[in-house]
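Below, each chain spelled out in residue letters.
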Amino acid sequence: MKYISTRGNSPSQTFSEILLGGLAPDGGLYLPESYPQFSATDLAAMRAMNYRELAFTILSRFADDIPAADLRDIVNRTYTAEVYCHTREGQNADDITPTVKLEDGLFLLSLSNGPTLAFKDMAMQLLGNLFEYVLAKTGREINILGATSGDTGSAAEYAMRGKKGIKVFMLSPHQKMSRFQTAQMFSLQDPNIFNIAVKGVFDDAQDIVKAVSNDHAFKAQYKIGAVNSINWGRIAAQVVYYFKGYFAVTRSNDEKVSFTVPSGNFGNVCAGHIARMMGLPVSKLVVATNENDVLDEFFRTGVYRPRGSAQTYHTSSPSMDISKASNFERFVFDLVGRDSAKMRELWGKVDSGGAFDLNEGGYFAKVGDYGFVSGASNHAYRMQTIRDTHAKYGVTIDTHTADGLKVALEHREASVPMVVLETALPAKFEDAIQEALGRAPERPADLAGLENLPQRFEVMDVDMDAIKQFVAAHS
Ligand SMILES: *Cc1c(COP(=O)(O)O)cnc(C)c1O
């Protein structure tokens, strides 16, 4: 299996070659040159598999340059009940991603049982083990530099802690994350994890990471890598749970299922698109946004109009507060018939701050063929959905999942089960749950008193040179 760039001007590469990187050299994103296909016979065999078997079956098609025995070992070490230990009472922990039935035909797919209580652990934990494996094989080391407003940074740190050959330098806005998120990251005492609290906002931290990444000499000398959401390994890992969720709510592969995905960077739902392209019988892929509705606008109108960070609203579903959906480029590549010249034209506009309209050329008319529909939510809907779900089903959901459920209810079809992806546990967003329900959510026992643990972090100015020096001194 070779991987090609959406912009068409980079050499094709193997899975291991693109694993540690981000963008392709031509600025595009990597995708398989063709999607592996699962036949009806394959699907019938996959139905009975547990998460580990299913993950191996799917990932071995993508990572075919890793010896099967090694990949199986990595997958078996990653997807364990010990790592994904935050399942709800009564759920089968070894299931890794159990479903919660709200009512006939309406389900949650629990993806947030990992160490940081968000779905990003599903892919990031695998990435930690894959990185360590590939680095050990080639005798290389990597320094991961990232910026986070909360979820990505903590998922990356919990995946990379203690891993040989890997150091993590994670920039976050000083005193701007929730107490829980801060404590989760800063209480890590592993010597390969460095938390840098930047005296500024998230965009300041992000700008420093971008500037350092554009300093090619520094990047090469200090082996700077990234784990951002455009990493192909993360997308590949996320494909697995669409299959698992499908099998969980159907009895036969003649049935179809729809998925609703609380979306920001389009990484999660992009994996759903790929699962569908591989032969999973998916009816609709419902993209749910919050007030930051750049994706909903596209799926309603055909116009993709990324916003500036100044036009990004800070909401109570903060992990979906994005103005530009980086993984969206992967879907558009398929939508325009994998025409890389067209991609260069479209993203030429995006990269210079513009927009594009896919009604031109008739591309938008084909969106329906891919199953995509969308909707947007807001704070009032979020609060109402959390209250309704608690009252009606006795289930507490987080704010992101609430955006998903709100939009899912607008797109249900008779006799097609609707699965809403649960992208975080409510314990992660205590203030919002307190506002909605008048009491704090239950917190998993192993995280009690998290905020009282000793914390390890550096406070630094918004000063790229100082941060470069810090990385150089500790790498
Ligand atoms: C990251 C995140 C999202 C958005 O996922 P994308 O892959 O960026 O679309 C939604 N909900 C939660 C809780 C997240 O952490």
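Position numbers for residues start from 1 in each chain and track the written sequence from start to end. Local features in a predicted model are, by the rule used here, given only for residues with pLDDT of at least 70; side-chain atom pairs are given and counted only at 80 or more, and totals for whole chains, interfaces and linings are based on all residues. Each side-chain value is worked out from all heavy atoms of the structure, with water and hydrogens disregarded.

## Observations concerning the overall build of the protein
Stage number 1. Along the backbone of the protein there are 18 helices and 15 strands.
Stage number 2. Just to be clear, the radius of gyration here is over C-alpha atoms, and the globule rule we use is 2.2 Å times residues to the power 0.38. Here the C-alpha radius of gyration of the protein, 21 Å, is about what a compact globule of 475 residues would show, namely 23 Å.
Stage number 3. Counting only C-alpha atoms, the protein reaches 60 × 55 × 45 Å along its principal axes.
Stage number 4. Each residue gets one of three labels from its accessible area relative to the maximum for its type: buried under 20%, exposed over 50%, partly exposed in between, using a 1.4 Å probe on protein chains only. Relative to its full complement of 475 residues, the protein shows a buried share of 58%.
Stage number 5. Contacts spanning at least 24 positions in sequence make up 75% of the contacts within the protein whose residues lie at least 6 apart.
Stage number 6. Only the protein chains shown count as cover for residues, and the accessible areas themselves come from Shrake-Rupley with a 1.4 Å probe. With an accessible surface of roughly 18,100 Å², the protein has 48% of that area assigned to carbon and sulfur atoms.
Stage number 7. In the protein, which carries 48 positive and 56 negative side-chain charges, the distance between the mean positions of the two groups comes to 2 Å. Put simply, DSSP marks the helices as runs of H or I at least four residues long and the strands as runs of E at least two long, and each gets a number from the N terminus on. Any pair of residues with heavy atoms lying within 4.5 Å of one another is described as a contacting pair. Charge convention: Lys and Arg are scored as positive, Asp and Glu as negative, and His as well as the terminal groups of each chain are ignored. The atoms used to mark charge sites are NZ of Lys, CZ of Arg, CG of Asp and CD of Glu.

## Quick notes on the sheet that holds strand β15 (residues 458-460)
Stage number 1. We treat two strands as partners when DSSP finds at least two bridges between them. Across the sheet, five strands lie side by side as β8-β5-β6-β7-β15; this open sheet has parallel pairing. Taken across any chain shown, the strands that pair with only one partner, and hence form the sheet edges, are β8 (224-225) and β15.
Stage number 2. Summarising the sheet, strand β7 (residues 193-198) and β15 pair through three bridges and their orientation is parallel. Bridge assignment links alanine 197 to a residue of β15, and that residue is valine 459.
Stage number 3. To get an axis, fit a line to the C-alpha atoms, keeping to the stretch in contact for a helix; angles then go from 0 to 180 degrees between the N-to-C directions. Packed on one face of the sheet, helix α5 (residues 120-138) meets β5 (142-147) and β6 (166-173) and runs near 140° to β6.
Stage number 4. In the packing of helix α6 (residues 151-160) onto the sheet, the strands contacted are β5, β6 and β7, and the crossing angle to β6 comes to about 160°.

## Considerations on the sheet that holds strand β4 (residues 106-110)
To summarise the sheet geometry, strands pair through backbone hydrogen bonds and adopt either a parallel or an antiparallel arrangement.
Stage number 1. On the basis of which strands lie adjacent, the open sheet formed by six strands has the order β3-β4-β14-β9-β10-β13 and mixed pairing. The open sheet has two edge strands, β3 (99-103) and β13 (372-376), and neither has a second partner. Here the strands of the sheet are splayed against their neighbours by 25° on average, with no regard to which way each runs.
Stage number 2. Of the strands in this sheet, β9 (257-262), β10 (282-289), β13 and β14 (418-422) are in contact with helix α11 (residues 267-277), which crosses β10 at around 170°.

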